[in-house]
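Analysis of the macromolecular model
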Amino acid sequence: MIEILQWTTLAACAAAAIWRIPSFRQKKNRSLFYIFALLTLAILLSIKGPYATIDGLLGGINVANLLLRFIIFAAIYFLGIRIARGFGDNTGLNLIRGRTGALVLGLISVALVILFALMDTEGSSAGMAAVSAKDPRNAALVEFYGAAGRAYPAYVCVAILPGLLRAVGSTLPAQLRISALLMSIGAIAIPLSLLFPVIPPAVGFLRFIINYTAILCFVGGFVLVWVAKGQAARKQPASRRHPAAGA
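What this report covers is the structure whose coordinates are included nearby. A quick note: this is a predicted structure, and the numbers were derived from the prediction, not measured. (Residues numbered from 1 in each chain as written. Predicted model: local features only at pLDDT ≥ 70, side-chain atom pairs only at ≥ 80, totals over all residues. Heavy atoms only, no water.)

Take the packing of aromatic side chains next. Throughout the structure, instances matching the rule amount to twelve aromatic pairs. Seen in terms of ring centroids, Phe70 and Phe73 are 5.7 Å apart; in terms of plane orientation they differ by 80°. Their pairing is edge-to-face. Within this pair, Phe70 and its partner Phe73 are both found in helix H5 (residues 63-86), separated by three residues, close to a single helical turn. Consider the rings of Tyr152 and Tyr155, whose centres lie 6.3 Å apart with planes at 25°: the pair is stacked. Of this pair, Tyr152 and Tyr155 both sit in helix H9 (residues 136-168), separated by three residues, roughly a single helical turn. (Phe/Tyr/Trp six-rings, centres within 6.5 Å; stacked < 30°, edge-to-face > 60°. Helix = DSSP H or I, 4+ residues; strand = E, 2+ residues; numbered from the N terminus.)

Before going further, it helps to spend a moment on the pattern of salt bridges. Counted under the stated rule, the structure contains two salt bridges. Asp89 is the salt-bridge partner of Arg166, the closest N and O atoms lying 3.3 Å from each other. Note that Arg166 is positioned in helix H9 and Asp89 in the loop between H5 and helix H6 (90-97), a separation of 77 residues in sequence. Notably, a salt bridge pairs Asp120 with Lys134, separated by 3.2 Å at the nearest N-O pair. Of this pair, Asp120 sits in the loop between helix H7 (99-118) and helix H8 (129-132) while Lys134 sits in the loop between H8 and H9, and the two are 14 residues apart along the sequence. Owing to a relative accessible area of 37%, Asp120 belongs among the partly exposed residues under this scheme. (Salt bridge = Lys/Arg side-chain N within 4 Å of Asp/Glu carboxyl O. Buried < 20%, exposed > 50% of the residue type's maximum accessible area, 1.4 Å probe, protein only.)

What follows covers unusual backbone geometry. Here Asn62, not a glycine, exhibits a phi torsion of approximately 65°, which is positive. Locating Asn62 in the fold gives a position in the loop between helix H4 (48-57) and H5. Even without being glycine, Met128 reaches a positive phi, approximately 60°. The residue Met128 is located in the loop between H7 and H8 in this model.

Attention now moves to a nonpolar patch on the surface. Together, Ile188, Leu192, Leu195 and Val198 give the surface a local cluster of nonpolar side chains, amounting to about 370 Å² of exposed area. Relative to the assigned elements, Leu195 resides in the loop between helix H10 (174-192) and helix H11 (205-235). The class of Leu195 is partly exposed, set by a relative accessible area of 48%. (Patch = residues over 30% accessible without salt bridge, like charges linked within 9 Å, V, L, I, M, F, W, Y side chains within 5 Å. Areas by Shrake-Rupley, 256 points an atom, 1.4 Å probe, with all protein chains shown as cover.)

Interaxial distance between H7 and H9 falls to 9 Å at its minimum, and their mutual angle equals 160°. Between H7 and H9, the angle is such that the two are roughly antiparallel. In the packing of H7 onto H9, the handedness of the crossing is left-handed. Contacts from Thr100, Gly101, Val104, Leu105, Ile108, Leu112, Leu115, Phe116 and Leu118 of H7 reach H9 at Arg137, Leu141, Phe144, Tyr145, Ala148, Gly149, Ala151, Tyr152 and Tyr155. (Axes fitted to C-alpha atoms, helices over the stretch in contact; angles between N-to-C directions. Parallel < 35°, antiparallel > 145°, perpendicular 65-115°, else oblique. Left-handed = near helix turned anticlockwise from the far one by under 90°. Contact = heavy atoms within 4.5 Å.)

For the rest of this paragraph, the subject is the layout of surface pockets. The calculated volume of the largest pocket comes to roughly 1300 Å³. Lining the largest pocket are 45 residues; nearest its centre among them are Arg69, Gly127, Phe196, Phe208 and Asn211. Within the residue set of the lining of the largest pocket, elements represented by two or more residues are helix H1 (2-19), helix H3 (30-44), H4, H5, H8, H9 and H11. The greatest single-element share of the lining of the largest pocket, amounting to eight residues, is contributed by H9. Split by residue class, the lining of the largest pocket holds 28 nonpolar, eleven polar and six charged. (1 Å grid on protein atoms, 1.4 Å probe; cavity = no way out; pocket = protein on both sides within 12 Å on 5 of 7 lines; lining within 4 Å. Points joined across faces, edges and corners; volume = space filled by probe spheres on them. Nonpolar A, V, L, I, M, F, W, Y, C, P; charged D, E, K, R; others polar.)

Below is the structure:
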């Protein structure tokens, strides 16, 4: 079930990235292509087979996992900015792009690199499971490392959530409000990942469901925005379209 969810999410993100290639070539909304291309690569690195192959090429010391974390940071940064702009959320935009956002990103990135350097990372292991199993010290470091990796995506999602909820309750067209609702679900799910350490091993699959459901909600939300944008283009002049239609 988990592998089906992973490969389905990978296919959805890859399809979205391919869909954006014509617009990318025309220099239209290029950030959307970057978002889905980065998400596609991040999901690929989350799957055992591709992860082992790529990490093996990088030396077999789980550098691919560290790379994965920064790819996720980049994807969530562009995603947060795009959503905040699309729904006219200046507060969320400032929290991501401004000094506070830069400080949060910088501190978390430094912590991530330091924790990675302190671990014995020998032996490719998707999710760092084998690294955690080596000894209690490594297990503790992996937990802190994982928490650091989840902290920045959680910060961005908390920043954009109020704007999304306002859009859900607004007078926007139904498709845009449904889009905002889907994205709100994603923005709630990602901060829930901070609770992963307290999830019992017996229901560990919930971690995968939360992560991949969040991604699918964001992808689905963007698809609805594109549909609404296409309909708006046929019904009214570009100057009168709501900014969210450009998301």
